[in-house]
Amino acid sequence: MSDDRIILDNVSRFYGEVLGVNRVTLSIPPGITSLVGPNGSGKTTLMNLITGLVRPSRGRISVLGVDPSQPQKLFRLVGYSTQFDTFPKGLSGSKFIFSYLRLSGRPAAECREVTARAIEQVGLVEAADRKVAAYSKGMRQRIRLAQAIAHDPRVLILDEPLNGLDPLVRSKTIALFKQYAAEGRHVVISSHVLHEVDMISDQVVLMSGGYIVAEGGIRGVRSEIQEERPMQFLIRCRQPNLMASKAFEQDHVVEARLLGEGEGVLVKTRDADRFCRALNHLALNGIDIEGVIPVDDNVHSVYEYLIGGEEATQ
Amino acid sequence: MIRLWCIQVLAIIRLEMKKTFLSRRGLWIYLLAFAPVLLFMGQSISTAHRRDELQRIASEHPISSEDLSTLRTGINRDEVTQKLGEPYYQWRGRHGQSEQAHCKYTDGTVDVYLFFRDGKLAGIDRREFDNLPLFSQIFAGVFQSYYLRLAVFFGCVGIFINLFRGEMLDKSLHFYLLTPVRREVLLAGKYAAGLLATIVIFTSSTALQWLALLWQFDDATVAAFLTTTGWSQFSSYLVVTALACVGYGSVFVAVGLLFRNPVVPTAVILLWEGVNPFLPAALKKVSMIYYLQSLCPLTAAPANDVPGFVHLLIAPVQPATRPMAVISIVLLTLVVLVVAARLSRRMEINYSTE
């Protein structure tokens, strides 16, 4: 199996008769990969499978060539920030990170240094010596993240890592993920916050009912479904009527709707590439186009089309 | 590799120490462990007080020990009075057609209780207050019937089952499983932490019980006892206590790892250990209590009025030899730990079903 990818090969997991995930086949490259799906879609199960916290009922998993059933190797490569909001009793933030780091066998002095660095990265220096039990939700989220990144892993698995974070910390955390991805590491995130997923992900994995519904770059996924769900473009121009009639001349355009005064034309097409070429042609032939905005070329729209709107949260 | 495992085991022990020693959930274990210390202390104080009282009575009504020891049932009341004088306590009454009387004499160390029916001596009960070997028999009885069977057993239940179950319930076990530690090493670390805690708690209780028992005697009596059989008995009790923690610990760490509800397996094990004396010889050997009792330095001698089955509970009929008992406990422990270690590889985190 590949040494630079997280690979799930036909993986299924059942909890008795309840389906966790079913026949999941994925190959996750370095970069930021977001798992998106409604509650119960199998995102956490998938993360737990990748990190060996649960075992697959069927199929094989490899994380950079390591089987998750070998924690002694896996967790030298992987850091996992779970969604479980519980901690061992009586430990301060720094003691918590330090104590579990010691399990890796590093010397105490090195663990202290690494702990301090991780705590600094998540901005918890002032609260480091306070008991975790006294932390706010956002601080608990950050200390979990600190534990996941403390040993400088090549793979970071993060279950809803942005939950409970204030906007400033949220943007710093996202910057950290981007930095990790830029360094060629794997960052796998599950999130409900679709606009953030859209903003930071190199690829998305859409899940529903334990199945992978779609995966890949968001634009690639969007174009794959344009036959059933024509892509929408908002075109701002000075001659909206002419623009609408010219658009209708294209056989792949299924709808061209004039919006209110000065708001432009909304065009739905089954072939975005050909439509964009046609727009270039129209612009060259004298139609003054001020702007072209893809309206549903994002995770939120893809999510709604593939999974259903009622579960999309933000 | 072994060095790394040792470092990891030590790190796990450090993490577990506070939980095993100072957990609020485990305070009852201290009560269980140290209850016999209170018992022996109370008994010691009461005995010392009683001995002082008897010595005072003996100085007021001097009686020779020889005269007391020559009393035989069947002699009449007047003969007793002639020999020993007036008792320091007496009571007379009728029960149906018979006339009954009780009286007490003492030489300062033995309290002799005489029971007369129709003027004849019908029963003699001697209570010795200066007989250390006799008290060590009492200690043996308490140690084998209560301390091993209940205190250490349930103490190990409380500490070892919580090593995994407690963390499952607290939803914090996953932090261990997210570290580069083999599951087998995790099991070994947790077992070692539990062992350290139970051995410290229960052997210190054994030592304190012993101290409380000896406290009532004068230095010369204690020194004489220790130099003859005392030290050997004392060290044996410490070893038996530690081995009980080793054996029961392995069983209950496995129970905590494998069973979502440990009450049923614990009850089954308690029952199995309880009925051990009544089992055929081959089955007897598949238990911890059989080997532990075989290692005890004294066969507890319960009072004559104690039912036969209690005799069986306190002392094995055919004890194993000491080396065989130690080897068997260690082997049973290793087998249980190896099985638990293999099963620990399949351990999963699924808090939602807890």
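Residues numbered from 1 in each chain as written. Chains lettered and ligands numbered in written order. Predicted model: local features only at pLDDT ≥ 70, side-chain atom pairs only at ≥ 80, totals over all residues. Heavy atoms only, no water.

1. A look at the overall build of chain A
Quick reminder of the rule: In this text, helices come from DSSP runs of H or I with a minimum length of four residues, and strands from runs of E with a minimum of two, each type numbered from the N-terminal end. Categorising residues by exposure relies on relative accessible area from a 1.4 Å probe, with only protein chains included: less than 20% of the type maximum marks a residue as buried, more than 50% marks it as exposed, and the intermediate range marks it as partly exposed. Any two residues whose heavy atoms approach within 4.5 Å at even a single point are treated as in contact. Note on areas: Shrake-Rupley, 1.4 Å probe, and residue coverage restricted to the protein chains presented here.
A tally of regular secondary structure across chain A gives eleven helices and 13 strands. A total of 314 residues make up chain A; the buried ones form 54% of that total. Sequence-distant contacts, at least 24 apart, represent 66% of the contacts inside chain A between residues at least 6 apart. Carbon together with sulfur atoms contributes 47% to the accessible area of chain A, which is approximately 13900 Å² in total.

2. So, the overall build of chain B
Counting its secondary structure elements, chain B contains 13 helices and four strands. Overall, chain B is about 85 × 40 × 40 Å in size when its C-alpha atoms are taken along their principal axes. Relative to all contacts within chain B whose residues are 6 or more apart in sequence, the contacts with residues 24 or more apart total 73%. Of the accessible surface of chain B, which amounts to about 16800 Å², a share of 65% is contributed by carbon and sulfur atoms.

3. Structural notes on the packing of helix α8 (residues 219-258) of chain B against helix α13 (residues 322-344) of chain B
Helices that pack against each other are described as a pair by the angle of their axes relative to one another and the distance between those axes. Residue and element names in this part refer to chain B. Spelled out, the test is: Here an angle of 0 to 180 degrees is reported between the N-to-C directions of two axes, which are lines fitted to C-alpha atoms, with helices fitted over the stretch in contact. These descriptions rest on fixed angle ranges, namely under 35 degrees for roughly parallel, over 145 for roughly antiparallel, 65 to 115 for roughly perpendicular, and the rest for oblique. The sense of a crossing depends on the near helix, which, turned anticlockwise from the far helix by less than a right angle, makes the crossing left-handed and, turned clockwise, makes it right-handed. As a working rule, the residues Ala, Val, Leu, Ile, Met, Phe, Trp, Tyr, Cys and Pro are called nonpolar, Asp, Glu, Lys and Arg charged, and the rest polar, with Gly in that last group.
Relative to each other, α8 and α13 sit at 20 degrees, their axes nearing to 9 Å. By the angle class used here, α8 and α13 are roughly parallel. For the crossing formed where α8 meets α13, the hand is left-handed. Of the residues in α13, those in contact with S236, L243, V246, G247, S250, V251, V253, A254, L257 and L258 of α8 are R322, V326, I329, T333, V336, L337, A340, L343 and S344. Residues belonging to the contact of α8 with α13 are distributed by class as follows: 13 nonpolar, five polar and one charged.

4. Considerations on the sheet that holds strand β13 (residues 289-294) of chain A
All names here are of chain A. Heads up, the rule is: Two strands form a pair only when DSSP identifies at least two bridges running between them.
Across the sheet, four strands lie side by side as β11-β12-β10-β13; this open sheet has antiparallel pairing. Whereas interior strands pair on both sides, the edge strands pair on one side only; in this sheet they are β11 (253-258) and β13. Strand-to-strand twist of the sheet, defined as the mean angle between neighbouring strand axes without regard to direction, takes the value 20 degrees. Summarising the sheet, β11 and strand β12 (residues 265-269) pair through five bridges and their orientation is antiparallel. If you follow R257 over to β12, its bridge partner there is L266.

5. Re the state of the cysteines
Covalent bonding between the sulfur atoms of two cysteines is what defines a disulfide. Going by this rule: Note on terminology: pairs of cysteine sulfur atoms within 2.5 Å are recorded as disulfides.
For the structure shown, the criterion picks out zero disulfides over all chains. Just so you know, C237 of chain A is unpaired, no disulfide at all, and the nearest cysteine sulfur is the one on C276 of chain A, 15 Å from it. The exposure class assigned to C237 of chain A is buried, which follows from its relative accessible area of 12%. Of the cysteine sulfurs around C156 of chain B, a residue in no disulfide, the closest is that of C245 of chain B, at 4.6 Å.

6. Remarks on the packing of aromatic side chains
Both the distance between ring centres and the angle between the ring planes are used here to describe each pair of aromatic rings. All names here are of chain B. Put simply, the rule reads: To pair, rings of Phe, Tyr and Trp, with the six-membered ring standing in for Trp, must have centres within 6.5 Å; the planes then decide the type, stacked if under 30 degrees apart, edge-to-face if over 60, and tilted in the middle. Note on criteria: charge over ring means Lys NZ or Arg CZ within 6 Å of the ring centre, with the direction from the centre no more than 35 degrees off the ring normal.
According to the stated counting rule, one finds 26 aromatic pairs over all chains in the structure shown. Consider the rings of F153 and F154, whose centres lie 5.2 Å apart with planes at 80 degrees: the pair is edge-to-face. Judged by relative accessible area, which is 0%, F153 ranks as buried. One aromatic cluster is present, built from ring pairs that chain together F40, F139, F143, Y147, F202, W210, F225, W231, F234 and Y237. The side chain of R77 reaches across the aromatic face of F116, ending 5.2 Å from its centre.

7. What to know about the domain arrangement of chain A
For clarity, the threshold we go by: Where each domain starts and ends comes from a domain assignment, either automatic or drawn from a database.
Domains assigned within chain A are domain 1 (6-221) and domain 2 (230-295). Here the C-alpha centre of domain 2 of chain A lies 42 Å away from the C-alpha centre of domain 1 of chain A.

8. Considerations on the pairing of strand β7 (residues 186-190) of chain A
All names here are of chain A. To be explicit about the condition: When the strands point away from the viewer and the connection leading from the first strand across the helix to the second strand turns clockwise, the crossover is called right-handed.
Counting buried positions along β7 gives five out of five residues, so the element sits mostly inside the fold. Because side chains alternate across β7, one face comprises the buried residues H186, V188 and S190, and the other comprises V187 and I189, equally buried. Both strand β3 (residues 31-36) and β7 contribute to a ladder of five bridges, which runs parallel. Bridge pairing in β7 places I32 opposite V187. Here five bridges tie strand β6 (residues 155-159) to β7, and the two strands are oriented parallel to one another. Pairing of I157 across the sheet is with V188, part of β7. Once the chain exits β6 it traverses helix α6 (residues 167-182) before rejoining the sheet at β7, and the crossover so formed is right-handed.

9. Re the domain arrangement of chain B
One can read the domain layout of chain B as domain 1 (2-48 + 131-353) and domain 2 (61-128). On a C-alpha basis, the centroid separation for the pair domain 1 of chain B and domain 2 of chain B is 46 Å.

10. Focus: the side chain of R50 of chain B
Residues and elements named next belong to chain B. Which entries qualify depends on this criterion: Polar contact is the term for a pair of N or O atoms within 3.5 Å; when the atoms are in protein, one must be able to donate a hydrogen and the other to accept it, and sequence-neighboring residues count only if both atoms are side-chain atoms.
Locating R50 in the fold gives a position in helix α2 (residues 27-60). Under the relative-accessibility criterion, R50 is labelled buried at 18%. Reaching out from R50, the side chain makes a polar contact with the side chain of Y88 at a distance of 3.0 Å. Setting aside residues no more than four positions away along its own chain, R50 makes contact with Y88, K104, D111 and F129.

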